[in-house]
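# Coordinate inspection notes
Below are the chains, spelled out letter by letter.
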There are 2 protein chains.
Amino acid sequence: MSLHEEVDALRRVPLFAKIEPSKLKLLAFTSEKLEYQRGQDLCKQGDAGDAMFIIMAGEADVIVNTPNGEHTVARLGKNSFVGEIAILCDVPRTATVRASSTATVLRISKELFFRLVGEFPQIAVEIMRELAHRLDDTTKALAKAKAA
Amino acid sequence: MSLHEEVDALRRVPLFAKIEPSKLKLLAFTSEKLEYQRGQDLCKQGDAGDAMFIIMAGEADVIVNTPNGEHTVARLGKNSFVGEIAILCDVPRTATVRASSTATVLRISKELFFRLVGEFPQIAVEIMRELAHRLDDTTKALAKAKAA
């Protein structure tokens, strides 16, 4: 993929939609683009977390290990991001993320993540918004589970 | 309280610790400082959310209405912030927040919140970190409730 095509692909990710193309070139250079086959793990629960991931194409499952075995808690589609909890909270990976199809994934290191957030407040706002939505959903699911 | 004392109080809030005192003057001018008596509500579940709150002194309970009545899900102490979900997600208040003692509270409007986050990435990082922690805690509680 040419640099032009890479920048174009990044612009279609909502998280980066408001960033100037010239700045996206830097991101295209400094992030890693990885290809996963179905069944391969992007990260494993319990591992140290040094990066977050953005699904550029394909899908991945979020899987939590329980005493009763693996439990799939979410499926991530194109443009989803995942893995931010470990880099924000300095805790081990809270789940395994596994490609459920061939997947193209942007790997953003912890260092690059904090640079992006510092330079582009809009990215921070989008991540906060997504975290707030997930927290709202999880809190509602918890209330429901407790009431059951 | 003098402006100097107000700025000093703001500097002791971890969310604002890294902001220059000259900028904190702006925050002291543009945010509202409110006093609540024990039992008074900062916000009510179901209401539209147009501000977040930072507890400067005292304590407040986070209360969720369930079919079985009110359920206190958390107690917030000094320097906690709350109410960010409604302004980030444009959803009604997901809980009632009620002063459990006399409390001094900084009310930050939605507009000011987005200005602060845009101008001070460090605030965005601290909020993301706190949201990520809460999400991690809630996800673990959900897994436990489902396993029970």
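To start, this report covers the structure provided alongside it. (Residues numbered from 1 in each chain as written. Chains lettered and ligands numbered in written order. Predicted model: local features only at pLDDT ≥ 70, side-chain atom pairs only at ≥ 80, totals over all residues. Heavy atoms only, no water.)

## Examining the packing of helix α4 (residues 110-119) of chain A against helix α5 (residues 121-147) of chain B
Test applied: Axis definition: a line fitted to C-alpha atoms, over the contacting stretch in the case of helices. Angles run 0 to 180 degrees between N-to-C directions. The helix count covers DSSP runs of H or I at least four residues long, the strand count covers runs of E at least two residues long, and both are numbered beginning at the N terminus. Should an angle lie under 35 degrees it is considered roughly parallel, over 145 roughly antiparallel, and from 65 to 115 roughly perpendicular; all remaining angles are considered oblique. Crossings are classed by handedness, with left-handed meaning an anticlockwise turn of the near helix from the far one by less than a right angle and right-handed meaning a clockwise turn. Two residues qualify as a contact provided that any one of their heavy atoms is within 4.5 Å of a heavy atom in the partner residue. Under the grouping applied here, Gly and all other residues not named as nonpolar or charged are polar, the nonpolar ones being Ala, Val, Leu, Ile, Met, Phe, Trp, Tyr, Cys and Pro and the charged ones Asp, Glu, Lys and Arg.
α5 of chain B packs onto α4 of chain A with a crossing angle of 125 degrees between their chain directions and a minimal axis gap of 8 Å. When the axis of α4 of chain A is compared with that of α5 of chain B, the two are oblique. In the packing of α4 of chain A onto α5 of chain B, the handedness of the crossing is right-handed. Of the residues in α5 of chain B, those in contact with Phe113, Phe114, Val117 and Gly118 of chain A of α4 of chain A are Pro121, Val125, Met128 and Arg129 of chain B. Of the residues contributing to the contact of α4 of chain A with α5 of chain B, the split by class is six nonpolar, one polar and one charged.

## Re the relation of the copies chain B and chain A
Let me state the cut-off plainly: Here the copies were fitted onto each other by least squares, based on C-alpha atoms from residues at pLDDT of at least 70 in both.
By a simple turn and slide, chain B fits onto chain A: the slide is 0.0 Å along the axis, the RMSD is 0.0 Å, and the turn is 180 degrees. Here the transformation between the copies is reduced to the relation of a two-fold axis.

## Considering the nonpolar core
Convention followed: Only buried residues count toward a nonpolar core, which is a set of Ala, Val, Leu, Ile, Met, Phe, Trp, Tyr and Cys residues joined through side-chain atoms within 4.5 Å. Here the term buried applies to any residue with accessible area under 20% of the maximum for its type, exposed to any over 50%, and partly exposed to those in between, with areas from a 1.4 Å probe on protein chains only.
Counting 66 residues, the largest nonpolar core has Phe16 of chain A together with Phe16 of chain B as its most contacted members. Here Phe16 of chain B is in contact with Leu10, Leu24, Leu27, Ile54, Leu106, Ile108 and Ile123 of chain B, once residues within four sequence places are set aside.

## Overview of the interface of chain B and chain A
This is how it is decided: Buried surface area refers to the total accessible area, computed with a probe of radius 1.4 Å, that the two partners give up upon joining, counted for both partners together. Salt bridges are counted wherever a side-chain nitrogen of Lys or Arg sits within 4 Å of a carboxyl oxygen of Asp or Glu. Distance and chemistry together define a polar contact, namely a pair of N or O atoms within 3.5 Å, with one atom able to donate a hydrogen and the other to accept it when in protein, and with adjacent residues in sequence counting only for side-chain atoms on both sides.
Contacts between the two partners involve 27 residues from chain B and, on the opposite side, 26 residues from chain A. When chain B packs against chain A, close to 2600 Å² is buried across both sides, 80% of that on carbon and sulfur atoms. At the boundary of chain B and chain A, one finds zero salt bridges. The interface formed by chain B and chain A holds two residue pairs in polar contact (both at pLDDT 80 or more) in total. Of all elements in the fold, only α3 (84-89), α4 (110-119) and α5 of chain B reach the threshold of two or more residues within the side of chain B that touches chain A.

## A short note on the side chain of Thr104 of chain A
Residue and element names in this part refer to chain A. Structurally, Thr104 is set in strand β8 (residues 103-109). There is a polar contact of 3.2 Å between the side chain of Thr104 and the side chain of Glu35. Sequence-distant contacts of Thr104, defined by excluding residues within four places in its chain, comprise Lys33, Leu34, Glu35, Ile54, Ile55, Met56 and Ala57.

## Here's the deal with the sheet that holds strand β7 (residues 96-99) of chain B
Residues and elements named next belong to chain B. Selection rule: Strand pairing is defined by DSSP finding a minimum of two bridges between the two strands.
Overall, antiparallel pairing links the four strands, which are arranged β2-β7-β4-β5 in an open sheet. Looking at which strands have only one partner, the edges of the open sheet turn out to be β2 (41-43) and β5 (69-76). Sheet twist, expressed as the mean angle between neighbouring strand axes with direction ignored, is 35 degrees. Two elements, β2 and β7, share two bridges in a ladder whose sense is antiparallel.

## Observations regarding the packing of aromatic side chains
All names here are of chain A. Counted only if it meets this: Stacked, tilted and edge-to-face pairs are distinguished by plane angle, under 30 degrees for stacked and over 60 for edge-to-face with tilted covering the rest, among Phe, Tyr and Trp rings (Trp via its six-membered ring) whose centres lie within 6.5 Å. A ring is considered to have a charge above it if a Lys NZ or an Arg CZ atom is located within 6 Å of its centre and within 35 degrees of its normal.
Tallying each qualifying case throughout the model produces two aromatic pairs over all chains. Ring centres of Phe113 and Phe114 lie 5.2 Å apart, and the angle between their planes is 80 degrees; this geometry places the pair in the edge-to-face category. Note that Arg134 overlies the ring of Phe81, its terminal NZ or CZ placed 4.9 Å from the centroid.

## Some details on α5 of chain B
Definition in use: What a helix is expected to span follows from its residue count: subtract one and scale by 1.5 Å.
Taking 1.5 Å as the rise per residue, α5 of chain B with 27 residues should run 39 Å; its terminal C-alpha atoms sit 39 Å apart, in good agreement. Ile123, Ala124, Val125, Ile127, Met128, Leu131, Ala132, Arg134, Leu135, Asp136, Thr138 and Leu142 of chain B are the residues of α5 of chain B that are buried. Considering only its buried residues, α5 of chain B is in contact with α3 (84-89), α4 and α5 (121-147) of chain A together with β6 (81-82), α3 and α4 of chain B.

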